[in-house]
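Now for the letters of each chain:
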Amino acid sequence: LKDSGLFSLAIHSWGIPHPPGSPLYVMLAAGFRAIGGFADAARAGNVFSALMGGLSLGLLVALVRPVLGRLLPEVSP
C-alpha cells in the first residue's frame, strides 16, 4: 500500500520502481494505460490490478478443478 504512489509514477513514466519483480507488471500496466486511454495512471493501475487478479483466480480454478475432480469424483460436475 505504501508503494501505490511509486507504482502510479512508474506506470505514468514507463519506469521501474523495484527491479527484482515489478518491471513486467509496470510495463504491462503502462501498455494497458496507453491502449485503454486512461488519463490517470493511478486509475489505470487499479483497474489493471483488478483485471489481473480476476484472471489469476480464473486460471487457478481452471487448474485446480481437474485435480479435485480426480480426487473427489462426487464433486465434479
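Residues numbered from 1 in each chain as written. Predicted model: local features only at pLDDT ≥ 70, side-chain atom pairs only at ≥ 80, totals over all residues. Heavy atoms only, no water.

Details of the overall build of the protein
Inference 1: Check the secondary structure of the protein and you find three helices and zero strands.
Inference 2: Traced from its N-terminal end to its C-terminal end, the protein shows the element sequence α-α-α.
Inference 3: Here the protein, with 77 residues, has 17% of them falling under the buried criterion.
Inference 4: Here the protein has roughly 5,600 Å² of accessible surface; of this, 71% comes from carbon and sulfur atoms. (Helix = DSSP H or I, 4+ residues; strand = E, 2+ residues; numbered from the N terminus. Buried < 20%, exposed > 50% of the residue type's maximum accessible area, 1.4 Å probe, protein only. Areas by Shrake-Rupley, 256 points an atom, 1.4 Å probe, with all protein chains shown as cover.)

Observations regarding a nonpolar patch on the surface
Inference 1: Taken together, the side chains of L57, L59, L60, V61, L63, V64, V67, L68, L71 and L72 make up a nonpolar region of the molecular surface, amounting to roughly 900 Å² of accessible area.
Inference 2: Residue classification places L72 among the partly exposed positions, given a relative accessible area of 36%. (Patch = residues over 30% accessible without salt bridge, like charges linked within 9 Å, V, L, I, M, F, W, Y side chains within 5 Å. Salt bridge = Lys/Arg side-chain N within 4 Å of Asp/Glu carboxyl O.)

Some details on helix α2 (residues 23-36)
Inference 1: Taking 1.5 Å as the rise per residue, α2 with 14 residues should run 20 Å; its terminal C-alpha atoms sit 19 Å apart, in good agreement.
Inference 2: Buried residues belonging to α2 abut α1 (4-13) and α3 (41-71).
Inference 3: Following α2 by one or two positions, G37 has its phi on the positive side, about 75°. (Expected span 1.5 Å × (residues − 1). Contact = heavy atoms within 4.5 Å.)

Topic: the environment of G36
Inference 1: On the secondary structure map, G36 appears in helix α2.
Inference 2: Along the backbone, G36 and F48 are twelve residues apart, and their C-alpha atoms lie at a distance of 10.0 Å.

Observations concerning the environment of P17
Inference 1: Mapped onto the elements of the fold, P17 is located in the loop between α1 and α2.
Inference 2: Using a relative accessible area of 17% as the deciding quantity, one classes P17 as buried.
Inference 3: For the pair P17 and L6, spaced eleven residues apart in sequence, the C-alpha to C-alpha distance is 6.5 Å.
Inference 4: Once residues lying within four places of it in the same chain are set aside, the contact partners of P17 are L6, F7, A10, S22 and V26.

Some points on the confidence of the model for the protein
Inference 1: When pLDDT is averaged along the protein, the result is 82, and 87% of the positions lie at 70 or above.
Inference 2: Taken element by element, the protein is modelled with least confidence in α1, mean pLDDT 79, and with most confidence in α3, mean pLDDT 90. (pLDDT = per-residue confidence, 0-100.)

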